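Structural characterization, general
So the chains spell out like this:
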Amino acid sequence: MGVPDMDELSFTDSQLHYYVKDALKSAIQGDCDFYNQLVAVMHRKERLSAADVALLVTCLKALTGAVSCIDISHHKSLLAAILRMSLWDYGTDVMDALTDALESLASSNGEHVNLCLEMLVSNFVPPSAYFEKHRGPSKKSEVLDRVHSTLIDIANVVPLSPMILEKLVRDKMPHVYVKEQPIVMYVESMLRLESGAMGELVGSMALIVLMDKLIELDVEIAWKDILEDDFQKDVFDFELEDLAGPADNFNQENKDYTREASMQRFCTGNHAEKLDSLMVLTFEHLQCCYETGRLVQVFEILLQSFRITVLTAYKSKFAQFVMFYACSLDPENCGKLFADALADIFVNGVHPEWRMSAVAYLASYLARAKFLPIPLIATMLERVVDWCSKYCKNRGSDINPKAHKVFYAGCQATMYVLCFRMKQMLALPRLKSQLKLMQIDDILGHPLKPLQVCLPSIVDEFLRQVKENRVCFLPERLADQDFLESEHSTVFGGIEKQGMFFPFDPILLANCDRYIRPNYVYWSMVRSSYDEEGTSDEDVADAYDREDGMSIPDEEESDADEFIPGFEKMSITPRDSSHRFGGRMPSKIRPSMSPESL
Amino acid sequence: MAGLEECEANLVVFLHPSKANCASDAILSELSSLLFTYNETFGGVVLAYDPSIRSNLAKIVPGTFPCFGVQLKAKLLLFNPKPDMVLEGEVVKLTPNSIHAVVLGFSSAVIADDDIRDEFKHKVKGGEEVYVSRTHRKHKIKVGAILRFTVKSFDEEILHISGSLLAPHTGGARWLDKNTDEWSRADSTATKRNTDKLLINGDTSMKNDEQIEKPKKRRRQQS
């Protein structure tokens with residue numbers, strides 16, 4: 001039979017089917033004419049006329065029927081041509097024909113499964129030219145719907161394909177240095193797999209890879225981009241709005257460094273934007289999981305990943321907010337699970353740095369999570385205090401920040417939580433007596449001298465609140481005592497300053513903030529509950545309920561994307577306040593009463 | 001079903017020292033890494049395992065870091081289809097050029113149109129694809145039905161079976177079971193030698209089933 005010319009003759013479908021089969025078989029023998037024409041058709045991509053499209057579709061359909069004749073070694077160029085095609089370059093007719101061909105190819109021969117799946121996974125992301133042409137969103141759903149349904153169809157016929165898919169999806173995850181849009185689209189598809197029919201099989205991989213990627217991006221953002229050298233603020237003052245009036249050493253020029261300046265300066269970084277988008281995507285996904293009743297299972301996987309990756313990362317900045325958001329969706333289950341897990345690591349863990357990290361997470365979480373019921377916070381606090389109590393019970397030794405760092409971390413955590421929640425706890429009689437029974441007084445007054453080791457700003461604020469609330473069973477500060485940064489408190493936490501880690505401080509990522517804000521306790525809320533006169537219990541509750549805690553002009557109307565009102569500053573590492581005094585501060589600047597006298 | 005066999009293996013599992021306090025979990029996870037992969041030592045795909053640890057004592061093996069080796073006996077269920085074996089699987093997809101089935105829930109089997117005997121004709125009835133026998137109208141192959149076919153080849157990497165429906169004793173399992181005389185009669189028109197061959201094949205497959213308890217393979221498993 002003579003070799004027909006593709007462009008000239010017209011065939012019926014079954015004729016073409018016969019020719020194609022013949023071409024494939026002949027190619028194995030060495031006669032490649034028709035075969036080469038077939039390959040050439042597959043390569044056609046740019047500016048296809050209706051006739052071209054029809055030819056392409058028909059050839060693909062014919063190949064679909066002839067897959068059993070395709071041999072991986074003899075038909076390399078044909079396979080390469082098909083697998084190089086991107087669904088994003090064609091219309092829906094070609095897309096359908098191509099996906100059918102892929103499905104057929106994958107089901108016919110085990111050798112082709114890997115290649116077909118790889119091709120489909122590469123179609124999660126369009127070719128780079130796509131982004132420049134600004135195609136509409138309909139194209140995206142046309143392609144991705146087909147890609148995902150083909151993956152499911154292949155899994156139905158080749159039950160072990162999800163095993164291969166899992167590995168492929170993990171390996172083809174884009175690098176952090178890739179542009180934002182491709183990464184976001186890839187993650188979108190990953191999450192779609194998680195919630196799809198194959199969720200049980202590939203879902204946990206998808207979530208773990210996502211968390212790993214978030215941490216990778218997080219780590220790329222340098223802490224120095226967040227901390228400003230000119231900031232002279234304390235842990236708590238940091239968050240407060242530029243109040244009219246006394247704000248310590250607040251100069252006029254420093255005003256520019258507050259609020260949106262830090263936010264903007266920070267958010268123009270590449271990695272921050274990518275992290276922001278990915279986290280928003282994750283939040284949306286968690287919302288869907290919650291609505292379909294799957295959140296607890298998903299959360300358990302996230303918690304596993306958190307324990308391994310986030311907790312152990314050096315001072316993760318924002319990735320942990322994924323946990324925060326998940327907990328806010330389901331406080332009774334996830335919220336409690338998270339707190340329990342952190343407390344367990346602190347109490348029973350083996351590695352000291354991770355225990356300190358865990359209690360820092362716990363303290364920040366209990367302080368900031370608006371959705372947690374106060375009784376639960378009290379119970380968690382009790383666990384931490386109990387451990388500290390047992391620790392120091394049989395120890396008479398003296399102050400030593402390095403040797404007892406886990407203990408000091410526990411004390412600081414307790415004080416930090418109470419700085420935020422003291423008033424709320426005291427308002428409920430049952431919790432007030434629970435607090436009394438914890439005997440925090442004994443722990444803080446112990447010869448190990450935690451009040452001298454923990455961060456001065458926290459100790460200060462804690463004692464000040466004790467005085468204001470007139471709590472008799474918590475340690476009191478004597479009149480002239482002032483907690484300054486001593487050599488002990490600077491040593492605390494070691495070189496890495498583990499003691500200054502407040503992981504759930506206000507998030508600096510603009511889009512994420514919108515999700516976190518309604519569930520977040522801002523320091524200003526706590527302050528305002530003290531500043532108002534004659535605060536009753538209702539007022540305390542009100543102060544926490546208010547969105548911002550302070551009446552500031554409504555700034556939501558302004559470009560919400562760049563400008564984030566007020567209270568999202570990071571109150572993390574307080575500045576080394578020694579430069580206030582023009583140099584390295586001696587450990588005791590004035591004679592003060594030592595804590596033993598308390 | 002042909003292709004399945006049980007064997008007993010003596011194994012040694014080497015564990016990392018960090019697993020010392022959860023050795024049994026670590027052993028089970030090592031054994032599960034064997035599942036659904038073709039293993040040359042055992043000569044088949046491991047589908048299930050049943051370990052019994054012989055003693056609490058383990059030998060510490062010196063090396064870059066000291067591992068400890070736990071000896072155990074395990075019963076393994078192996079799947080190893082060979083050419084000409086008769087297997088059964090559930091039909092998952094029908095096309096004009098192929099029939100796709102899944103064997104034991106994990107292995108995909110495909111029968112290309114060249115391997116489907118002319119007796120079967122592809123039809124579309126009421127939107128549903130079906131293969132109907134031209135000679136026996138009731139002999140149908142539909143999606144969801146059990147298909148009986150002979151093995152042509154087995155891809156050990158992806159556990160993919162290539163099958164054939166050329167032989168008369170293949171087709172829809174239900175119909176074949178109900179109408180044994182129909183297809184064996186069709187068979188008797190073939191030469192006598194062929195029928196003898198068929199009976200001999202039937203006997204050997206029976207033998208495999210009986211030999212379940214006997215083979216003991218001594219193997220060492222490095223992990």
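Read on for an overview of the structure.

Rules used in this analysis
- Sequence positions are assigned chain by chain, starting from 1 and proceeding in written order.
- Chains and ligands are labelled by the order in which they are written, letters from A for the one and numbers from 1 for the other.
- Confidence filtering applies because this is a predicted model: local features only for residues at pLDDT of at least 70, side-chain atom pairs given and counted only at 80 or more, and all residues used for totals across whole chains, interfaces and linings.
- Each side-chain value is derived from all of the structure's non-hydrogen atoms; neither hydrogens nor water enter the calculation.
- Here, patches come from residues exposed beyond 30% relative accessible area and free of salt bridges, joined within 9 Å for like charges and within 5 Å for nonpolar side chains (Val, Leu, Ile, Met, Phe, Trp, Tyr).
- Note that accessible areas follow from Shrake-Rupley with a 1.4 Å probe, and for residues the cover is restricted to the protein chains shown.
- Salt bridges are defined by distance alone: a side-chain nitrogen of Lys or Arg within 4 Å of a carboxyl oxygen of Asp or Glu.
- We treat Lys and Arg as the positive residues and Asp and Glu as the negative residues; His and chain ends play no part in the count.
- In this description, the location of a charge corresponds to atom NZ of lysine, CZ of arginine, CG of aspartate or CD of glutamate.
- Helix and strand labels come from DSSP, where a helix needs a run of H or I of at least four residues and a strand needs a run of E of at least two; each type is numbered from the N terminus.
- Three exposure classes are used, based on accessible area relative to the maximum for each residue type with a 1.4 Å probe and protein chains only: buried under 20%, partly exposed in between, and exposed over 50%.
- Centres within 6.5 Å make a pair out of two Phe, Tyr or Trp rings, where for Trp the six-membered ring is used; the pair is then stacked when the planes are under 30 degrees apart, edge-to-face when over 60, and tilted otherwise.
- Throughout, the arc means that of the directions going from the helix axis to the C-beta atoms.
- Contacts: residue pairs with any heavy atoms within 4.5 Å of one another.
- A 1.4 Å probe defines the accessible area here, and the buried area is the portion of it lost by two parts on being joined, summed over both.
- Two N or O atoms form a polar contact when they lie within 3.5 Å of each other; inside protein one atom must be a possible hydrogen donor and the other a possible acceptor, and for residues adjacent in sequence the pair counts only when both atoms belong to side chains.
- Only Asp, Glu, Lys and Arg are considered charged in this grouping, and only Ala, Val, Leu, Ile, Met, Phe, Trp, Tyr, Cys and Pro are considered nonpolar; every other residue, Gly among them, is considered polar.

Turning our attention to a positive patch on the surface. All names here are of chain B. Taken together, the side chains of K121, K125, R134, R137, K138, K140, K142, R174 and K178 define a basic patch exposed on the protein surface. Taken together, the elements giving at least two residues each to the positive patch come down to strand 9 (120–125) and helix 2 (173–178). Within the fold, K140 resides in strand 11 (residues 140–141). Residue classification places K140 among the partly exposed positions, given a relative accessible area of 34%.

Time to look at the packing of aromatic side chains. Residue and element names in this part refer to chain A. Scanning the entire structure with this criterion turns up 33 aromatic pairs over all chains. For the pair F324 and F371, a centre-to-centre distance of 5.5 Å together with 75° between the ring planes defines the contact as edge-to-face. Taken as a pair, F324 in helix 15 (residues 321–329) and F371 in the loop between helix 17 (352–368) and helix 18 (374–393) lie far apart in primary sequence, 47 residues in all. Their ring planes at 40° and their centres at 5.4 Å tell us that F324 and F504 sit as a pair that is tilted. Here F504 lies in the loop between helix 24 (487–491) and helix 25 (510–516) and F324 lies in helix 15, a separation of 180 residues in the sequence. A residue is classified by how much of its surface remains accessible, and F324, at 1% relative accessible area, is buried. Residue classification places F504 among the buried positions, given a relative accessible area of 0%. Through a chain of ring-to-ring contacts, the aromatic side chains of F299, F306, F321, F324, F338, Y361, Y365, F371, F501, F504, Y520 and Y522 assemble into a single cluster.

Another aspect to go through is the pattern of salt bridges. Residue and element names in this part refer to chain A. In this structure the tally under the stated criterion is 24 salt bridges over all chains. Here D344 makes a salt bridge to R383, at a shortest N to O gap of 2.7 Å. Linking D344 in helix 16 (residues 331–348) with R383 in helix 18, this pair joins segments that are 39 residues apart in sequence. For D344, a relative accessible area of 33% puts it in the partly exposed group. Since its relative accessible area comes to 26%, R383 is described here as partly exposed.

Another aspect to go through is helix 2 (residues 33–43) of chain A. All names here are of chain A. Within the sequence span of helix 2, burial applies to F34, Y35, L38, V39, V41 and M42. In a view along the axis of helix 2, the buried residues occupy a sector of 155°, so they form one face of it. Residues of helix 2 that are buried make contact with helix 1 (13–29), helix 3 (50–65) and helix 4 (76–84).

Let's shift gears to the interface of chain A and chain B. At the junction of the two partners, chain A supplies 19 residues and chain B supplies 17 residues. Between chain A and chain B, roughly 1,300 Å² of surface is buried when both sides are summed, and carbon and sulfur atoms account for 60% of that area. Counting the surface chain A buries against chain B, the share from its top three residues, V157, P159 and L160 of chain A, is 35%. E103 of chain A serves as the salt-bridge partner of K93 of chain B, at 2.9 Å between the closest nitrogen and oxygen. Taken together, the connections running from chain A to chain B amount to three residue pairs in polar contact (both at pLDDT 80 or more). When residues of the side of chain A that touches chain B are assigned to their parent elements, the largest contribution, four residues, is made by helix 5 (residues 92–108) of chain A. When the residues that make up the side of chain A that touches chain B are grouped by side-chain class, the tally is seven nonpolar, eight polar and four charged.

Time to look at the side chain of S26 of chain A. Residues and elements named next belong to chain A. Turning to its location among the elements, S26 is positioned in helix 1. A relative accessible area of 15% places S26 in the buried class. Polar side-chain contacts of S26 include one of 2.5 Å to the backbone oxygen of D22.

A word on the side chain of S161 of chain A. All names here are of chain A. Structurally, S161 is set in helix 9 (residues 161–171). Owing to a relative accessible area of 2%, S161 belongs among the buried residues under this scheme. Beyond its immediate stretch of four places on either side in the chain, S161 contacts V113, L117, I154 and A155.

Geometric values such as these leave the question of function open.
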